[in-house]
Amino acid sequence: MLELHLETQELTLEGGVQVIIRAAGLEDLPQIKQLYWNTYGDTYTIPEIADPVKMAEALVDHHNYLWIVSQCGEEIVGSVVFAVDPYHHLGKAFSGVIAASMRGHKLIYAMMKEGHKALLGPEGPCALIYAMVRTFVSPNFHQHLKELGYIDTGIFPNVRKLRDYETHSFKICSGPQAFQSRRPLPRIFNQVQTMYRLVDRLLHLGPAIMKSIELPPCPQPLLELEVAQPSDYPQGIEAERERLRQEGRLRFGFCPLLEPNLMLINPEKTVRAFFNFQEVDGHATMVGLETGNYDMVLLLESVAQACERLQAKYLEVLASAYDPMIQAQLWQAYFIPCAWFPAARLDQGQRLDYMFASRSFVPLNFKGLKLTEDCKPYLLEFFKLYTARLWEELVTNA
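Owing to the predicted nature of the structure, the values given are computational and were not obtained by experimental measurement.

Each value, and the rule that gives it
Residues numbered from 1 in each chain as written. Predicted model: local features only at pLDDT ≥ 70, side-chain atom pairs only at ≥ 80, totals over all residues. Heavy atoms only, no water. Helix = DSSP H or I, 4+ residues; strand = E, 2+ residues; numbered from the N terminus. Expected span 1.5 Å × (residues − 1). Buried < 20%, exposed > 50% of the residue type's maximum accessible area, 1.4 Å probe, protein only. Contact = heavy atoms within 4.5 Å. Polar contact = N/O pair within 3.5 Å; in protein donor to acceptor, adjacent residues only side chain to side chain. Core = buried A, V, L, I, M, F, W, Y, C linked by side-chain atoms within 4.5 Å. Phe/Tyr/Trp six-rings, centres within 6.5 Å; stacked < 30°, edge-to-face > 60°. Salt bridge = Lys/Arg side-chain N within 4 Å of Asp/Glu carboxyl O. Pairing = 2+ DSSP bridges.

A word on helix 8 (residues 296-309). When the terminal C-alpha atoms of helix 8 are compared, their 20 Å separation across 14 residues agrees well with the 20 Å that a helix rising 1.5 Å per residue should span. Among the 14 residues in helix 8, 11 count as buried, and that is most of the element. For helix 8, the set of buried residues is Met 296, Val 297, Leu 298, Leu 299, Leu 300, Glu 301, Ser 302, Val 303, Ala 304, Ala 306 and Cys 307. Elements in contact with the buried residues of helix 8: strand 12 (262-265), strand 13 (272-278), strand 14 (283-290), strand 15 (314-320), helix 9 (324-332) and strand 17 (350-360). Measuring from the side-chain oxygen of the N-cap residue of helix 8 to the backbone nitrogen of Val 297 gives 3.0 Å; that N-cap residue is Asp 295. Once helix 8 ends, the next one or two residues include Gln 311, with phi positive near 75°.

And the structure:
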């Protein structure tokens, strides 16, 4: 497996201040931890930042992480992390932070630029890098990302909570080979078509096949799902998820760079739902589902009910862009399409598109948004879809 490497760079800022951009090491952990604490206190929820054990693991894992820092004298003044999925040739940029005294010098831009050279270059491991970016940050930062090649392809409403619930934009930056092997002609449920057209306008993905699907109301009653006991799965829930994948019994199994830390089961243990769940802010992503041959809408509604009981505030799912039935079933279960992930998954030599759909369990709060012009259409489309689904429910129950 390729070891990720970064050439050390020296920058001279205004006033002659010297900064070094380099790969981080385990010895930097105390300063990195303090840098995030100085900015966010104890509100930061990303595991690699919030959990010192996971931070240490990431700092020494040079196959799956490229952690970049800026150093001024003996002090760490900036940090940004790239996680890498070597199988799907995907990268994720996240958790950029700059010391208050060093802001305004485009240090995040400079660090990310070096990261891109290492990951998206001719010998790099990634075909595409994605980022989920706070919409509360300065518009200048979004402009800097645009200069690096990032393009907005969606939005995540109320996805995280630091001090208040935040809406994040979804951005991708593609390398020269990302779309050459992309599978064309996604098959999409009719409620997804406007979002796809917004992305197609920017990336020129080509036409999609639209499908109109009508589904009956969700069967009742919902399934009772409970948290699986670790003692029942001594190899761990990730091993259980991988077993189901190998047996061809796993749905929603593609979710790059996330592992399950929670599993829900029914009493008969014929249904298993896997999640990456952050208790601090109630953020959940479903990363696998064994259906037990139950109706899919019933399952999705049951999963949502169980997550809400566990104090989840937000739940998201990645679904195939070539399966309009599963898209329609998500819609029926109140998962609203919110972002498009083009060329996300590598499968038998082709790169496949995926779609994010999300369900929020708290009132949507968009106070304080600083939306770019590129991001606004996705929020407007989400509002339209949210309202359309509510209207469908009112008509059905009339």
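We are not done yet, so read on.
The subject of this paragraph is the environment of Pro 30. The residue Pro 30 is located in helix 1 (residues 29-40) in this model. Taking the C-alpha atoms as reference points, Pro 30 and Met 55, 25 residues apart in sequence, are found 10 Å from one another.

Counting residues in each nonpolar core, the largest one holds 84 residues, and the members touching the most others are Phe 252, Phe 275, Leu 289, Val 303, Leu 330, Trp 340 and Phe 341. With nine residues, helix 8 is the largest single contributor of residues to this core. Membership of the second largest hydrophobic core comes to 52 residues, among which are Ile 21, Met 55, Val 80 and Cys 173.

The next subject is the packing of aromatic side chains. Two measures describe an aromatic ring pair: the distance that separates the ring centres and the angle between the ring planes. The full count for this structure, using the stated rule, is 13 aromatic pairs. Between Tyr 36 and Tyr 44, the ring centres sit 5.7 Å apart and the planes meet at 50°, which makes this aromatic pair tilted. Tyr 44 matches Tyr 36 in its accessibility class, with the two residues each being buried. In this structure an aromatic cluster arises from ring pairing among Tyr 130, Phe 156, Phe 170, Phe 341 and Phe 356.

As a further point, take unusual backbone geometry. Pro 221 follows Gln 220 through a cis peptide bond whose omega is -5°. Summarising the element assignment, Pro 221 is placed in the loop between strand 10 (209-211) and strand 11 (226-227). Despite not being glycine, Lys 269 has its phi angle at roughly 60°, a positive value. Note on placement: Lys 269 falls in the loop between strand 12 and strand 13.

Let us look at helix 4 (residues 107-120). Taking 1.5 Å of rise per residue, 14 residues should cover 20 Å, and helix 4 covers 19 Å from first to last C-alpha, within 8% of that figure. Most of helix 4 is tucked away: 11 of the 14 residues are buried. Of all the residues in helix 4, the buried ones are Leu 107, Ile 108, Tyr 109, Ala 110, Met 111, Met 112, Glu 114, Gly 115, His 116, Leu 119 and Leu 120.

This part covers the pattern of salt bridges. Applying the stated criterion across every chain yields a total of 22 salt bridges. For Glu 240, the salt bridge is made with Arg 272, and the minimal N-O distance between the two is 3.0 Å. Taken together, the residues span a long stretch of sequence, with Glu 240 in helix 7 (residues 237-246) and Arg 272 in strand 13 at a distance of 32 residues. Linked through salt bridges whose partners overlap, the residues forming this network are Glu 240, Arg 243, Glu 247, Arg 249, Arg 272 and Glu 290.

Turning our eyes to something else, we now look at the side chain of Thr 291. Relative to the helices and strands, Thr 291 resides in the loop between strand 14 and helix 8. Setting aside residues up to four positions removed in sequence, Thr 291 forms contacts with Arg 251, Thr 270, Val 271, Met 296 and Leu 299.

Assignment of secondary structure puts Arg 309 in helix 8. Residues Arg 309 and Val 97, 212 residues apart in the sequence, show an inter-C-alpha distance of 33 Å.

Across the nine residues of strand 5 (residues 90-98), eight count as buried, placing the element largely inside the fold. As judged from the seven bridges shared by strand 4 (residues 75-85) and strand 5, these two strands associate in the antiparallel manner. Note on strand 5: the bridge partner recorded for Ser 79 is Val 97. Connecting the antiparallel pair strand 4 and strand 5 is a turn made up of four residues, with His 89 showing a positive phi of about 55°. The pairing of strand 5 with strand 6 (residues 128-134) spans four bridges and is classified as parallel. Directly across from Lys 92, in strand 6, lies its bridge partner Tyr 130.

A word on the pairing of strand 16 (residues 336-347). Where burial is concerned, most of strand 16 is hidden: 10 out of the 12 residues are buried. Sheet analysis places strand 16 next to strand 17, joined by eight bridges and oriented antiparallel. Among the inter-strand pairings, Ala 339 is bridged to a residue of strand 17, identified as Phe 356. The antiparallel hairpin formed by strand 16 and strand 17 contains two residues in its connecting segment, where Gln 348 sits at a positive phi of about 50°.

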